[in-house]
Amino acid sequence: MMQKSLKINFIMNFILTVSGILFPLVTFPYISRILGPLGTGNVAMSSSLITYFTMVAMLGVPTYGVRCCAQVRDNKEELSKVVQELLIINLIMSIVAYLALFITIFLVPEFYAMKTLYIITSSAIALNVIGVNWFYQGIEEYSYITIASMIFKFLAFVLMFVFVKNSNDYVLYAGVSVIGSFGSGAINFIRLKKYIRIKPIKNYNLKRHFKPIFTFFAMTVATTIYTNLDIVMLGVIKDNYEVGLYNSAVKIKSIMATLISSLGVVMLPRLSYYFEEGKTKELNSLIIRSLSFVILLSVPCCLFLMVYAKDTILFIAGSQFVEASSTIITITPTIVFIGLSNLMGMQILVPTGREKLVLKSVIYGAIVDFLLNLLLIPKLGSLGAAVGTLNAELVVVIIQFWYLKDLIKVIIKKIEFKCLIISILPALLVLIILCSHVDINPFINLLIGGISFFTIYVVGLIMTKEVILTSLLQKYIR
C-alpha cells in the first residue's frame, strides 16, 4: 500500500480537528442558551454514561487496531484477516454492552425516567463498532476521514438549528450530536470493501488479539474513569445543574486539548510502522518534532485561556454559565499535561509495544481522580471535579516521564525553551494589561487579546529563530 505523505496527513487531520473545534464553538453558544445548564447537563450525563458502554463494546480496539493495521498494511490478505477478526470481537462485545445498558436503564429509576434520551444516545455504540475508524487511521486515509466527518458535522449543524428550538428539545439535540460525531460510521463500513476482502476468511485466530486488546481496554477504562467519572460523580453527588456548569468548562478546555493532541493521531501509525521496520533515526526525529510542537502550542493556549476565562465562558456559553469561570482556570493547565501524556503514551510507549506502562500510569491517574472527586465534589461541586482532573492528568505525566526519563533527557535538550520564554513573557504581559483595561464585550475582548497575544508570541519566536517555525518559513516563504 502506498505510503501517504505525513505532511498531507497532518494537514487533513488538522482540518478535521479544526472542524471539531468549530462545531462546538458555533453550536454550543446556541445550545447553552436554548437548553440552559439543566438541559445541557442531561445530555452530558447521558453521553458520559454511554461512553462507558461504548468502551466495553470497542474493547481497546480503537488504539490497538491502528497499530495492527499499520504494521500489516502492505499485505492485503493479512490486513483483511486482522480487520475481520477485530470486527467480530467488537460485534460480540457490542451485544454484551447493549444488554448491560438496557438492564442498567431499567434498574436505575433516574435513568429509566429519561430512557428515551439514553436509548437515542446509545446509537453511538453501534456506529462506533461498524465505523472502524481505527482501520482508516491505520492505513493513513486521513483525507477520507476528514471529508466524511465534515459532511456529517455539517448535516448535524443544519439539523440542530431546524429541530432544537426550546429547553425541552434536549433529546433531539442528543440525537443530532450522535449524527455529527459518529454518523460517518455507516459510510465507513460500506466503504471497507474497497480496501479489504469482505468474504469470510478461514481459520480466524481471535485469541492472538486478546492479550494486547485487554491491555488497551484496561488503559481505556482507566483513562475514561478520570475523563468521564467526574461528570457522573457530579450528577450523582450534586445534580445535573452542576454537571452543566462543569461540562461548559470541559468543552472549552477540550477544544484546545483536541488541537494539541491531533498530532498524535497522525503520528501513531507512522511511528508504529517505523518501529516495526527498525527505522530508529526516523522514529526519534518525529518524536523530537512532536515534543517541540506540543510545548510551543500548548503553553500559550493554556495561558491565554486562563487570563480570558470569564470572557471565554460569556462568549461561548452565556451569562448563565459565568460561575464556571473559576473551573476553567483550574482545569486549563491540563491542556499542557494532555499534550505531554499524549506524546509519551501514544507516540512513544504504544508504538514501541510498551502499552502496559501507559496502563499503569492511567490507573494511578484514575485512582487520584476518584479519591479527589469523592473528597472535593460534595464541598466544591464542579470546581472540585476540576481539581481532581487536574491532579489526575499531572500524575499521569509524572509517571510517564519517569518511565521514559533516559529518552526524555536526550530529547528535551533539543527543545528551545529559551525561545519559548523570551517570546511568551512580553506577550503575556500585554495580554494581562489588555484583560485589565479593555472591556468592550466578550467577543471583542477575545479578538483583541488573541490577536495581540499570539502576534507578539509568533514574532518573538521568529526573532529568536526558533527552529521549527524558522524551518517552516524557509520552506514556504521564499
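Predicted, not measured: the structure shown is a model, and the values here were computed from it.

Undergrad: For this particular structure, what's the right way to read the overall build of the protein?
TA: Counting its regular elements, the protein contains 22 helices and zero strands. Of all 478 residues assigned to the protein, the portion counted as buried reaches 54%. Taking as baseline every contact in the protein between residues at least 6 positions apart, the subset at least 24 positions apart corresponds to 85%. Looking at the protein as shown, the accessible area adds up to about 21,100 Å², and 70% of this sits on carbon and sulfur atoms.

Undergrad: I'm lost on unusual backbone geometry in this one. Help?
TA: The phi angle of most residues is negative, glycine excepted, and most peptide bonds adopt the trans form. The phi angle at Leu 59 is positive, at roughly 55 degrees, despite the residue not being glycine. Mapped onto the elements, Leu 59 comes out in the loop between helix H1 (6-58) and helix H2 (61-71).

Undergrad: Please clarify how the environment of Thr 51 should be interpreted in this entry.
TA: Structurally, Thr 51 is set in helix H1. Remark: the alpha-carbon pair of Thr 51 and Ser 122, spanning 71 residues in sequence, is separated by 8.8 Å.

Undergrad: Just checking my understanding: could you explain the nonpolar core for this structure?
TA: In summary, soluble globular proteins display a tendency toward joint burial of nonpolar side chains. Val 83, Trp 134 and Phe 135 are the most contacted members of the largest nonpolar core, which totals 128 residues. Among all residues touching Val 83, those that are not within four sequence positions of it are Cys 69, Trp 134, Phe 135, Leu 192 and Ile 196.

Undergrad: Is there a simple way to explain helix H3 (residues 76-107) in this structure?
TA: One turn of the α-helix equals 3.6 residues, which is why residues spaced by three or four share an orientation. Given a rise of 1.5 Å per residue, 32 residues ought to cover 46 Å, and the 46 Å separating the end C-alpha atoms of H3 matches this to within 8%. Among the residues of H3, the N-terminal cap falls to Asn 75, whose side-chain oxygen and the backbone nitrogen of Glu 77 are separated by 3.2 Å.

Undergrad: Help me understand the packing of aromatic side chains in this model?
TA: The geometry of an aromatic ring pair comes down to the distance between the two centres and the angle between the two planes. On inspection of all chains with the given rule, the structure shows 16 aromatic pairs. Ring centres of Phe 315 and Phe 443 lie 5.5 Å apart, and the angle between their planes is 40 degrees; on these two criteria the pair is classed as tilted. In this pair, Phe 315 is assigned in helix H14 (residues 309-316) and Phe 443 in helix H21 (residues 442-463), connecting sequence segments 128 residues apart. Its relative accessible area of 43% is what places Phe 443 among the partly exposed residues. Taking the ring centre of Tyr 144 as reference, the NZ or CZ of Arg 191 above it sits at 3.9 Å.

Undergrad: What is the right way to read a nonpolar patch on the surface from this model?
TA: A cluster of nonpolar side chains, contributed by Val 236, Ile 237, Ile 363, Tyr 364, Ile 367, Phe 370, Leu 371 and Leu 374, occupies part of the molecular surface with about 740 Å² of accessible area. Listed by contribution, the elements that provide at least two residues to the nonpolar patch are helix H11 (207-237) and helix H17 (355-380). Take the nonpolar patch: its biggest share by element is six residues, from H17. Tracing the backbone shows Leu 371 in helix H17.

Undergrad: Just checking my understanding: could you explain the pattern of salt bridges for this structure?
TA: For side chains bearing opposite charge, pairing can occur when the charged atoms are close. Enumeration according to the criterion identifies three salt bridges in this entry. One salt bridge connects Arg 197 with Glu 77, and the closest N-O pair in it is separated by 2.7 Å. Within this pair, whereas Arg 197 is found in the loop between helix H10 (184-191) and H11, its partner Glu 77 is found in helix H3, the two being separated by 120 residues in sequence. A relative accessible area of 44% means that Glu 77 is categorised as partly exposed. Notably, a salt bridge pairs Glu 78 with Arg 208, separated by 3.0 Å at the nearest N-O pair.

Undergrad: Would you take a moment to explain the environment of Leu 446 for this structure?
TA: Secondary-structure assignment places Leu 446 in helix H21. For the pair Leu 446 and Thr 312, spaced 134 residues apart in the sequence, the C-alpha separation amounts to 7.2 Å.

Undergrad: I would appreciate a short explanation of the side chain of Thr 215 in the present structure.
TA: Position of Thr 215 relative to the elements: it lies in helix H11. Classification of Thr 215 as buried rests on a relative accessible area of 10%. A polar contact is formed between the side chain of Thr 215 and the backbone oxygen of Lys 211, at a distance of 3.1 Å. With sequence-adjacent residues up to four places away left out, Thr 215 is seen in contact with Glu 355, Lys 356 and Leu 359.

Undergrad: Even after reading the chapter, I still don't get helix H8 (residues 142-163), so can you show me in this structure?
TA: Taking 1.5 Å as the rise per residue, H8 with 22 residues should run 32 Å; its terminal C-alpha atoms sit 31 Å apart, in good agreement. Residues of H8 that are buried: Tyr 142, Tyr 144, Ile 145, Thr 146, Ala 148, Ser 149, Phe 152, Lys 153, Ala 156 and Met 160.

Undergrad: Mind showing me how you'd approach the confidence of the model for the protein here?
TA: Reading predicted coordinates in detail is not appropriate for stretches of low pLDDT. Per-residue confidence for the protein averages 82 on the pLDDT scale, and 86% of its residues sit at or above 70. Across the protein, the element-wise mean pLDDT spans from 61 in helix H22 (residues 467-476) up to 92 in H3.

Undergrad: What should I look at first to understand the packing of helix H6 (residues 123-131) against H10 in this one?
TA: Close contact between H6 and H10 brings their axes to 7 Å; oriented N to C, the two are set at 30 degrees. Taken as axis vectors, H6 and H10 run roughly parallel relative to one another. The two elements H6 and H10 meet at a crossing, and its hand is left-handed. When H6 is examined against H10, the residues Leu 127, Ile 130 and Gly 131 are found in contact with a partner set consisting of Gly 185, Ala 186, Asn 188 and Phe 189. Across the contact of H6 with H10, the residue classes break down as four nonpolar, three polar and no charged.

Undergrad: What should I look at first to understand the environment of Leu 159 in this one?
TA: Here Leu 159 lies in helix H8. Residue Leu 159 is classed as partly exposed on the basis of its relative accessible area of 21%. Taking the C-alpha atoms as reference, Leu 159 lies 9.5 Å from Ile 179; in sequence the two are 20 residues apart. If we skip the residues at most four places from it in the chain, Leu 159 touches Val 164, Val 176 and Ile 179.

Undergrad: Looking at this structure, I do not really get the state of the cysteines. What am I missing?
TA: Working definition: the covalent bond between the sulfur atoms of two cysteines is a disulfide. Scanning the model with the defined rule gives zero disulfides in all. For Cys 69, which is in no disulfide, the shortest distance to another cysteine sulfur is to Cys 68 and amounts to 6.7 Å. Here Cys 69 falls in the buried class, since its relative accessible area comes to 0%.

Conventions adopted
- Residues numbered from 1 in each chain as written.
- Predicted model: local features only at pLDDT ≥ 70, side-chain atom pairs only at ≥ 80, totals over all residues.
- Heavy atoms only, no water.
- Helix = DSSP H or I, 4+ residues; strand = E, 2+ residues; numbered from the N terminus.
- Buried < 20%, exposed > 50% of the residue type's maximum accessible area, 1.4 Å probe, protein only.
- Contact = heavy atoms within 4.5 Å.
- Areas by Shrake-Rupley, 256 points an atom, 1.4 Å probe, with all protein chains shown as cover.
- Core = buried A, V, L, I, M, F, W, Y, C linked by side-chain atoms within 4.5 Å.
- Expected span 1.5 Å × (residues − 1).
- Polar contact = N/O pair within 3.5 Å; in protein donor to acceptor, adjacent residues only side chain to side chain.
- Phe/Tyr/Trp six-rings, centres within 6.5 Å; stacked < 30°, edge-to-face > 60°.
- Lys NZ or Arg CZ within 6 Å of the ring centre and 35° of its normal.
- Patch = residues over 30% accessible without salt bridge, like charges linked within 9 Å, V, L, I, M, F, W, Y side chains within 5 Å.
- Salt bridge = Lys/Arg side-chain N within 4 Å of Asp/Glu carboxyl O.
- pLDDT = per-residue confidence, 0-100.
- Axes fitted to C-alpha atoms, helices over the stretch in contact; angles between N-to-C directions.
- Parallel < 35°, antiparallel > 145°, perpendicular 65-115°, else oblique.
- Left-handed = near helix turned anticlockwise from the far one by under 90°.
- Nonpolar A, V, L, I, M, F, W, Y, C, P; charged D, E, K, R; others polar.
- Disulfide = S-S within 2.5 Å.

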